[in-house]
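If you want the building blocks of each chain, they are given just below.
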Amino acid sequence: MDREIPLSVQRKERQKLILRYGIIALAIVIAIIFLMNLLESTLSYKNITIGTVDKGTIEITVNASGKVIPLTEEIIVTPINSRILEVYKNAGDSVLAGEPILKLELASVETDYNQKLDEKEMKKSKLIQSQVGLDNKISELRMQMQVKEMNLKQMQTELKNEQYLDSIGASTTDKVRQAILNYEVAKLELQQLKQQIENQKKNADAEVKVQQLELSIFEKSLAESARLLKDARILSPQKATLTYVNNQIGSQVSAGTQIAIVSDLSHFKVEADIADSYAEKLATGAKAIIKIGQLQLEGTVVNITPSVRNGVIQFIVMLKDAGNSRLRSGLKTDVFVSHGIQEDALRIPNASYYIGAGEYELWVVKDGQAKTRKVKLGESSFEYVEVLSGLNQGEQVIVSDMSQYKGKKSIKIK
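Per chain, the residues get numbers from 1 upward, laid out in the order the sequence is written. Residues qualify for local features only when their pLDDT is at least 70, as the model is predicted, and side-chain atom pairs are given and counted only at 80 or more; totals for whole chains, interfaces and linings, by contrast, use all residues. Remark: hydrogens and water are excluded; side-chain values derive from all non-hydrogen atoms of the structure.

Taking an unreviewed UniProt entry as the reference, the protein chain is identified by name as Efflux RND transporter periplasmic adaptor subunit belonging to Dysgonomonas termitidis. Quoted verbatim from the Subcellular location (unreviewed entry) heading of the UniProt record, the comment on the protein chain is "Cell envelope". UniProt positions are given in the numbering used here, feature names are shortened, and annotations may be inferred rather than shown by experiment.

Here it is in structure tokens:
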């Protein structure tokens, strides 16, 4: 018959078994840690981007963030207080120049315009009547002047006759004096009438000019009413795309309210923002590079906003290839504005690692191994970064993202 195994033996066997399994588990954990460290400390060349330190020209730039916007965009506002009666187009529709977008209620404007047309005709008639009346008055005065001139000639003749008769003793001194007096009075009356005619002409000219000026001012007011009436018929100002329209039929709109936006979505420009600390490095006419992914477009800085808002300055970049098929309204871009050139500079390719001049820890690759090194970097272009110290010409540097290896000193490269 079988013997029962002593408890002490059973306990020893159990302890050996636990120890064996514990050693196996520890070995597995150590192997896993070793493999993880091995994987973490090894990189493939195909997963990184390596740049070579060389010498060359750096076109120094400052970096800004930008947004693609339509080259031309026109905001249409209502010129009068009115109400929307009809909407002919929806946002996203293409419109031609002069094509109706919506219709406003125009009854009050049309009534006012027609009243002004009638008032204009009345003012023109009044001006003509004034001119005729003034001309008639001047004509009457001229007729009176002709009569006075004839009377003056007659008195002059009578004076000569009296003077002749007095010389032969057929007249008296009193008659001669009376003839002289009559002649001088007639001459003064003629001069007075001539002056009256001259004054009347000046008054007539002044009165006509005042009425003509009033008519001209009124015609300008009428033209403004005509413009309001025309603008109140909301038409597209150009061939473009309707990007916004107030389609609330029946709603009241006040003068100056935005009711539609038309945009040319075939040509674009870039609206950029940059910190005001870079203001002195911005200049109208400066060259700019726009990066959209791998696409690079050249442009020129225009229209720098003089005011600063929240520490930011805005400016516009006009693109040489404004109609590029990759451009879309609202697309975010990187903008690099040139403000100088650095000749014969030690440089490395620009990439996401660079955030401005200062000290960096970069991975230098040599003999299949990458090691960290402190490097001082200076100015940059959209292609290169200036190396001030820490690297030598011909050395290779990892320029792709290595943030996950922060804290390590060396990595194997395969």
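Okay, back to it.
This paragraph deals with the overall build of the protein chain. Across its full length, the protein chain holds three helices and 21 strands. For 414 residues, the compact-globule estimate of 2.2 N^0.38 gives 22 Å, and the protein chain exceeds it by more than 25% at 49 Å. Each residue's exposure class comes from its accessible area (1.4 Å probe, protein chains only) as a fraction of the maximum for that residue type: buried when under 20%, exposed when over 50%, partly exposed otherwise. A buried classification covers 31% of the 414 residues belonging to the protein chain. Sequence-distant contacts in the protein chain: of pairs separated by 6 or more residues, those separated by 24 or more amount to 75%. Each helix is a run of DSSP H or I of at least 4 residues and each strand a run of E of at least 2, with the numbering of both proceeding from the N terminus. Atoms considered for the radius of gyration are the C-alpha atoms alone. The globule rule reads 2.2 Å times the number of residues to the power 0.38. Contact criterion: two residues are considered in contact whenever any of their non-hydrogen atoms come within 4.5 Å of each other.

This brings us to the UniProt feature "coiled-coil region" (unreviewed entry) in the protein chain. The UniProt record marks residues 138–214 with the feature "coiled-coil region" (unreviewed entry), using the residue numbering of this structure. For residues 138–214, the end-to-end C-alpha separation is 23 Å, with 94% helix and 0% strand making up the annotated structure.

In this section: the sheet that holds strand β6 (residues 94–95). Adjacent strands of a sheet form backbone hydrogen bonds with each other and so pair up, either parallel or antiparallel. Strand pairing requires that DSSP identify at least two bridges connecting the strands. A sheet is described by the order of its strands in space; here four strands give the open sequence β4-β11-β9-β6, paired in antiparallel fashion. Edge positions in the open sheet fall to β4 (73–77) and β6, since each of these has one partner strand only. Two elements, β4 and strand β11 (residues 258–263), share five bridges in a ladder whose sense is antiparallel. Opposite isoleucine 76, over in β11, you have alanine 260 as the bridge partner.

This next bit is on a nonpolar patch on the surface. Patch construction takes residues with relative accessible area above 30% that form no salt bridge. Like charges are linked within 9 Å, and nonpolar side chains (Val, Leu, Ile, Met, Phe, Trp, Tyr) are linked within 5 Å. Per-residue and other accessible areas were derived by the Shrake-Rupley procedure at a 1.4 Å probe size, with only the shown protein chains allowed to occlude residues. A side-chain nitrogen of Lys or Arg and a carboxyl oxygen of Asp or Glu constitute a salt bridge if their distance falls within 4 Å. Residues Leu17, Tyr21, Ile24 and Ile28 make up a contiguous nonpolar surface patch of about 390 Å² in total accessible area. Examined against the element boundaries, isoleucine 28 turns out to sit in helix α1 (residues 7–40).

The next point concerns the nonpolar core. Ranked by internal contacts, the top residues of the largest apolar core, which has 23 residues, are Ile290, Phe315, Val317, Leu319, Val335 and Val337. Looking at this core, the elements with two or more residues in it are β3 (54–70), β12 (268–275), β13 (287–292), β14 (295–302), β15 (312–319) and β16 (332–349). Once you skip the residues sitting within four places of it in the chain, phenylalanine 315 turns out to touch Ala64, Val270, Glu271, Ala272, Ile274, Leu282, Val301, Val302, Asn303, Ile304, Val335 and Val337. Core analysis: the next-biggest nonpolar cluster, separate from the first, contains 17 residues, Ile80, Leu102, Val245 and Ile259 among them. The set of buried Ala, Val, Leu, Ile, Met, Phe, Trp, Tyr and Cys residues whose side-chain atoms join them within 4.5 Å is what this entry labels a nonpolar core.

On to the sheet that holds strand β8 (residues 233–235), then. Here four strands make up an open sheet; going across it, the order is β8-β7-β5-β10 and the pairing antiparallel. At either margin of the open sheet sits one strand with a lone partner, and together these are β8 and β10 (252–253). Strand direction decides the pairing type here: strand β5 (residues 82–87) and β10, joined by two bridges, are antiparallel. Bridged to arginine 83 within β10 is glutamine 252.

Looking now at the pairing of β12. Where β3 lies against β12, six bridges are found, and the strand directions are antiparallel. Pairing of serine 65 across the sheet is with aspartate 273, part of β12. The pairing of β12 with β15 spans seven bridges and is antiparallel. Its bridge partner being in β15, valine 270 is matched across the sheet by valine 317.

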